[in-house]
Amino acid sequence: MAAEPRGSNGTVYHVKAGPDGTLLSMKDFSLWYGLAQALFNVSMTVEKGLVTALIGPSGCGKSTLLRAINRMNDLIEGLKCSGKIVLDGTDIYDPSVDVIGLRKLMGMVFQKPNPFPMSIAENVTYPLKVDGIRDKRILKETVEKALKAAALWDEVEDRLNENALSLSGGQQQRLCIARAIAGEPEVLLMDEPCSALDPVATAKIEDLIDELKGRYTIVIVTHNMQQAARVSDNTAFMYLGRLIEYGETSVIFTNPKVDKTMEYVTGRFG
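Residues numbered from 1 in each chain as written. Predicted model: local features only at pLDDT ≥ 70, side-chain atom pairs only at ≥ 80, totals over all residues. Heavy atoms only, no water.

Draft legend 1. Structural detail: the overall build of the protein chain. When its secondary structure is counted, the protein chain shows 10 helices and 11 strands. Against the 2.2 N^0.38 benchmark of 18 Å for 270 residues, the protein chain shows a C-alpha radius of gyration of 19 Å, consistent with a compact globule. Principal axes of the C-alpha set define a box for the protein chain whose edges measure 60 × 45 × 35 Å. Here the protein chain, with 270 residues, has 50% of them falling under the buried criterion. For the protein chain, the centre of its 30 positive side-chain charges and the centre of its 34 negative side-chain charges are spaced 3 Å apart. (Helix = DSSP H or I, 4+ residues; strand = E, 2+ residues; numbered from the N terminus. Rg over C-alpha atoms; globule rule 2.2 N^0.38 Å. Buried < 20%, exposed > 50% of the residue type's maximum accessible area, 1.4 Å probe, protein only. Lys, Arg positive; Asp, Glu negative; His and termini not counted. Charge placed at Lys NZ, Arg CZ, Asp CG, Glu CD.)

Written out as structure tokens, the structure is:
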């Protein structure tokens, strides 16, 4: 395979630029859990309004990187970081940053649907109520707007007062997406959002990601390479805590520039 230009960290880059530029950038970002280093000098940009997929074998650091973006890793004892992650010009690891305020800019959807044991409507309005919003008109409008954006409104508009746990798994995950976007975040982080769902529910989530693209900047971790190929604009391949190649998804899956990427996407390991 022909040699390609590499960054100072060895990563090969050929990224599709977003029409509105870069929203998030990482520069030589490393992370340790105690003495164990999990991420090594990761440098990449996340383009505004596009979908960026993080792929790689288990333990490669993709979920660690995703959780570093909204500083969820801060809750782990012995955590240490170096380098920068910059959002809208602000280093999110600067001591002056309000972490709670930062997380409000980052909607998070987890691997397993995790609706709260309350009504469908209360799940959606929860982020607003935490912020002290009590205006019933605003809350009602947010419920309809977020559920429509999550392609769930038509299925639940007559059930808004029912317990969210009565929904199917796929509906619960779409509800979690509605809850994540109710507070109008800048970034939507998704950690294996379809791994617990059947193929029909997975297809609905993938369609939803396509609909949300543009309104939100989406970063998704997935083990499913076909899913990454379907939903993302750019794909980052990680291996052993390092970013190996980061480029336009169509190139990553059809003509990757690094041998290790080719081996992974063709199923030779992982």
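Draft legend 2. The arrangement of the packing of helix α3 (residues 120-130) against helix α6 (residues 169-182) in detail. Relative orientation of the contacting elements α3 and α6 amounts to 30 degrees, with a least axis distance of 7 Å. The orientation of α3 with respect to α6, classified from their angle, is roughly parallel. Taken as a pair, α3 and α6 cross one another with a handedness that is right-handed. On the side of α3, the interface is formed by I120, N123, V124, P127 and L128, while α6 contributes L175, A178, R179 and A182. Of the residues contributing to the contact of α3 with α6, the split by class is seven nonpolar, one polar and one charged. (Axes fitted to C-alpha atoms, helices over the stretch in contact; angles between N-to-C directions. Parallel < 35°, antiparallel > 145°, perpendicular 65-115°, else oblique. Left-handed = near helix turned anticlockwise from the far one by under 90°. Contact = heavy atoms within 4.5 Å. Nonpolar A, V, L, I, M, F, W, Y, C, P; charged D, E, K, R; others polar.)

Draft legend 3. Inspection of the sheet that holds strand β7 (residues 106-109) at higher detail. Strand order in the open sheet formed by seven strands is β1-β11-β10-β4-β9-β8-β7, with mixed pairing between adjacent strands. Either end of the sheet is taken by a strand with one partner, and the two such strands are β1 (12-14) and β7. Ignoring strand direction, the axes of neighbouring strands in this sheet form an average angle of 15 degrees. As paired strands, β1 and strand β11 (residues 242-248) are joined by three bridges and run parallel to one another. Considered in β11, the bridge of V12 is made with E245. Relative to the sheet, helix α1 (residues 62-69) contacts β4 (51-55), β7, β8 (187-191), β9 (217-221) and β10 (234-239), its axis offset from that of β8 by approximately 150 degrees. The strands touched by helix α7 (residues 199-212) are β4, β8 and β9; relative to β9, the strand with the most contacts, the crossing angle is about 150 degrees. (Pairing = 2+ DSSP bridges.)

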